[in-house]
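# Remarks on the overall topology
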Amino acid sequence: VRDGGTRIGVLGVTGIGKTRLARALRGLFAGSARVATILDPAEDWRSLRTQLARDWQLDGEKLARASVVSAARSDRLLLVVDDAESASETLLQHL
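My aim in this report is to walk through the structure given alongside it, one point at a time. (Residues numbered from 1 in each chain as written. Predicted model: local features only at pLDDT ≥ 70, side-chain atom pairs only at ≥ 80, totals over all residues. Heavy atoms only, no water.)

Once that is clear, we can look at the overall build of the protein chain. On a plain count of helices and strands, the protein chain comes out with four helices and two strands. Taken against the 2.2 N^0.38 rule, which gives 12 Å for 95 residues, the C-alpha radius of gyration of the protein chain at 13 Å falls within 12% of a compact globule. Its C-alpha atoms give the protein chain principal-axis dimensions of roughly 40 × 30 × 20 Å. Of all 95 residues assigned to the protein chain, the portion counted as buried reaches 27%. (Helix = DSSP H or I, 4+ residues; strand = E, 2+ residues; numbered from the N terminus. Rg over C-alpha atoms; globule rule 2.2 N^0.38 Å. Buried < 20%, exposed > 50% of the residue type's maximum accessible area, 1.4 Å probe, protein only.)

In structure tokens form, the structure reads like this:
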């Protein structure tokens, strides 16, 4: 990710630490990226949208395209999705 990669997939059996890694990424990238973490992608889109805007420190906590583009010009935005296989169609469409 630090070298410009755009996606990383972490797969494995239950109990090997995938969720712990997802939670630790915020600290690992502190100062070099704005990190948003979705631990329950099955949540409704409205809740996830508010969470992403807050985590990415977007103006007025709005996840409008213009806010995201503006933030991405000055900082790297990192989105971590745990348990991604349970993501709703709505979430996937918005990503």
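Next comes the rest of the description.
In terms of burial, strand β1 (residues 34-38) is largely enclosed, as five of its five residues are buried. Here β1 shows a buried face lined by Arg34, Ala36 and Ile38 and a second buried face lined by Val35 and Thr37. Looking at chain direction, β1 and strand β2 (residues 77-81) are connected through five bridges and run parallel. Bridge pairing in β2 places Arg34 opposite Leu77. (Pairing = 2+ DSSP bridges.)

Turning next to unusual backbone geometry. Here Gln57, not a glycine, exhibits a phi torsion of approximately 55 degrees, which is positive. At Asp83, a residue that is not glycine, the phi angle is positive and equals roughly 60 degrees. Position of Asp83 among the secondary structure elements: in the loop between β2 and α4 (89-94).

Turning our attention to a nonpolar patch on the surface. The grouping of Ile8, Val10, Leu21 and Leu28 at the surface amounts to a nonpolar patch, some 370 Å² of accessible area in total. By the element assignment, Val10 lies in the segment before α1 (18-28). (Patch = residues over 30% accessible without salt bridge, like charges linked within 9 Å, V, L, I, M, F, W, Y side chains within 5 Å. Areas by Shrake-Rupley, 256 points an atom, 1.4 Å probe, with all protein chains shown as cover. Salt bridge = Lys/Arg side-chain N within 4 Å of Asp/Glu carboxyl O.)

Attention shifts here to the environment of Asp75. Turning to its location among the elements, Asp75 is positioned in the loop between α3 (65-74) and β2. Accessibility expressed as a relative area gives 33% for Asp75, which makes it partly exposed. Along the primary structure Asp75 and Ala33 are separated by 42 residues, whereas in three dimensions their C-alpha atoms are 6.0 Å apart. In terms of polar contacts, Asp75 uses its side chain to reach the side chain of Arg34, at 2.8 Å. Within the structure, the side chain of Asp75 is placed 3.4 Å from the side chain of Ser74, a separation counted as a polar contact. (Polar contact = N/O pair within 3.5 Å; in protein donor to acceptor, adjacent residues only side chain to side chain.)

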